[in-house]
Protein chains: 2
Amino acid sequence: MSIKLVGFDADDTLWKSEDYYRDAQARFEHIVASYVDLDDVGERMFAIEKRNLALFGYGAKGMTLSMLEAAVAITEARISAADLHRIIELGKGILRHPVALIPGIREAVADIAADFPVVLVTKGDLFHQEAKVRESGLADAFGRIEIVSEKDAKTYARLFREFEVEPREFLMVGNSLRSDIVPVLALGGWGVHMPYHVTWAHEQDAGGVPDPARFREVANASELPAAVRELAGAAQSAFTSPNAR
Amino acid sequence: MSIKLVGFDADDTLWKSEDYYRDAQARFEHIVASYVDLDDVGERMFAIEKRNLALFGYGAKGMTLSMLEAAVAITEARISAADLHRIIELGKGILRHPVALIPGIREAVADIAADFPVVLVTKGDLFHQEAKVRESGLADAFGRIEIVSEKDAKTYARLFREFEVEPREFLMVGNSLRSDIVPVLALGGWGVHMPYHVTWAHEQDAGGVPDPARFREVANASELPAAVRELAGAAQSAFTSPNAR
């Protein structure tokens, strides 16, 4: 048996996401800069955001609350209510932005789905992710849509049980080594990494890639189907060769 | 065939929830009252919260952002950053509160689970709900845990397909007529309503209960097992009597 199921990440794999967070962060820093002359506003904000992840989880609402908290802390509570309101609006802007598909991804998903069942596995805010899935027009392409709070080995192991696949029968496509590739490879699965032009600092902390033989990197969506089929062929050989003859 | 699956709501059915939101709201109104002398602070906050539901969904993070937005609007941006920071802390307080089980619910779930497969169906913030499920110690009692963004007829119909049950084989236990009882009964299922002593204004807008013969109301958790078994018996009769003899 070769690959039985292909998973796709969503944010920055199917559609643009990090750009909107980056833009909000830049506008946040601009607002705060009218109160303080500091080089490390971004770092201070990230430290607060990272500390709050255990309480807020991922997503735009938690990020917005962290920006508000950071703005009060960094300005020593000198920031005006009007400027804090502008920061709330930055968060709403992230939630409201229209879904912009990654070039070529619709065709790549359709191509891969012709040969393999495909599922969507995304982490973050349930409500926002569901809204983006609906708006993307891609919902029908996926047999299942799983929105999870964290994409680590424990979560993937649970999903494999629910999907009724062995790890070696599963291949994940995504832009984040930390969330999409490393945990799946660690369990014995396969991965195709499609880097996005920007990556959130939190996702850059990936550790090493465990087994380069089980993963490919592609530059854009048009290369995805060939990479998936190449690994599926390798999965087939890996499974059949010990039993050959 | 009788009842094949019993669903339980979580917030204010398994554990206390609305009390913490009420408490945060009261503290919010107290903070705002030092700026304005108005009788309708609560109504104004609810109007903003309700408008934001379409963007934020349910949960403490969205409520906190709505409180912040309302505080700025109601005080015409006169509120201090320090007081807005206190409002952020009110939201964190909701997320941090320890899980307090409803009296008798652990025993009621165990009693019902001895006769029926049970699942948990809750709406709201994925991250916060998962944390509460973990902390409750009740996770192992449930065969499945479904965290959804809205509990309407469409969502229940999707869940019935995933659970592979007919609506008439499903019984839902919960404190909200609007979210737990009315949509399930509308699809042809069964419901046991266990009111909580406080109900969020949004949940009070339930419309009528479609079919009183398919639902019971109980005063506390100790009455749940008997109510579930009574409806299961009625479900059995409803199914078998047309074919009897």
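The structure displayed is predicted, hence computed values, not measured ones. (Residues numbered from 1 in each chain as written. Chains lettered and ligands numbered in written order. Predicted model: local features only at pLDDT ≥ 70, side-chain atom pairs only at ≥ 80, totals over all residues. Heavy atoms only, no water.)

A.B. asks: Would you mind going over empty space enclosed by the protein in detail, with residue names and values included?
C.D. replies: Summary: where empty space remains is shown by rolling a probe the size of a single water molecule over the atoms. The final tally for this structure, using the stated rule, is three cavities of 30 Å³ or more. What lines the largest cavity is A:Lys61, A:Asp125, A:Leu126, A:Phe127, B:Phe56, B:Gly57, B:Tyr58, B:Gly124, B:Asp125, B:Leu126 and B:Ser149. For the lining of the largest cavity, the residue count by class is five nonpolar, three polar and three charged. Lining the second largest cavity are A:Gly57, A:Tyr58, A:Gly124, A:Asp125, A:Val148, A:Ser149, B:Lys61, B:Asp125, B:Leu126 and B:Phe127. Taken together, the residues of the lining of the second largest cavity sort by class into four nonpolar, three polar and three charged. (1 Å grid on protein atoms, 1.4 Å probe; cavity = no way out; pocket = protein on both sides within 12 Å on 5 of 7 lines; lining within 4 Å. Points joined across faces, edges and corners; volume = space filled by probe spheres on them. Nonpolar A, V, L, I, M, F, W, Y, C, P; charged D, E, K, R; others polar.)

A.B. asks: Explain the interface of chain B and chain A to me, and be specific about the residues and the numbers.
C.D. replies: A common measure of how large an interface is: the accessible area buried when the components associate. Taken together, the contact pairs 31 residues of chain B with 31 residues of chain A. Across the chain B to chain A interface the summed buried area is about 2,800 Å²; carbon plus sulfur atoms make up 70%. It is B:Leu55, B:Lys61 and B:Phe127 that lose the most area in chain B upon contact with chain A, and together they represent 22% of the buried surface on that side. Counting every contact that joins chain B to chain A gives two salt bridges. Measuring nitrogen to oxygen at the nearest pair gives 2.8 Å for the salt bridge that ties B:Lys92 to A:Glu69. Across the chain B-chain A interface, the total number found is eight residue pairs in polar contact (both at pLDDT 80 or more). (Contact = heavy atoms within 4.5 Å. Buried area = accessible area lost by both parts, 1.4 Å probe. Salt bridge = Lys/Arg side-chain N within 4 Å of Asp/Glu carboxyl O. Polar contact = N/O pair within 3.5 Å; in protein donor to acceptor, adjacent residues only side chain to side chain.)

A.B. asks: Tell me what's going on with unusual backbone geometry, and back it up with residues and numbers.
C.D. replies: It is generally the case that most residues other than glycine have a negative phi and that most peptide bonds are trans. All names here are of chain A. Even without being glycine, aspartate 12 reaches a positive phi, approximately 70°. Turning to its location among the elements, aspartate 12 is positioned in the loop between strand 1 (5-8) and helix 1 (18-33). Of note, the phi angle at glutamate 76 is positive, near 50°, even though the residue is not glycine. (Helix = DSSP H or I, 4+ residues; strand = E, 2+ residues; numbered from the N terminus.)

A.B. asks: I'd love a proper account of the environment of A:Asp11, names of residues and values included.
C.D. replies: Residues and elements named next belong to chain A. With respect to the helices, strands and loops of the structure, aspartate 11 is situated in the loop between strand 1 and helix 1. Along the primary structure aspartate 11 and phenylalanine 215 are separated by 204 residues, whereas in three dimensions their C-alpha atoms are 20 Å apart. Each residue touching aspartate 11, except ones within four places of it in the same chain, is listed here: Ser17, Gln129, Lys132 and Asn175. Within the structure, aspartate 11 has its side chain in polar contact with the side chain of glutamine 129 (distance 3.0 Å).

A.B. asks: Run through the domain arrangement of chain A, naming residues and quoting values.
C.D. replies: Residues and elements named next belong to chain A. Taken domain by domain, chain A comprises domain 1 (5-16 + 100-243) and domain 2 (18-96). Taken together, the contacts link 16 residues of domain 1 with 13 residues of domain 2. Roughly 1,400 Å² of surface becomes buried between domain 1 and domain 2 when both sides are summed, with 55% attributable to carbon and sulfur atoms. For the salt bridge of aspartate 125 with lysine 61, the shortest nitrogen-to-oxygen distance reads 3.0 Å. Run the count over domain 1 and domain 2 and you get five residue pairs in polar contact (both at pLDDT 80 or more). Grouping the amino acids of the side of domain 1 that touches domain 2 by side-chain chemistry returns five nonpolar, six polar and five charged. (Domains from an automatic or database assignment.)

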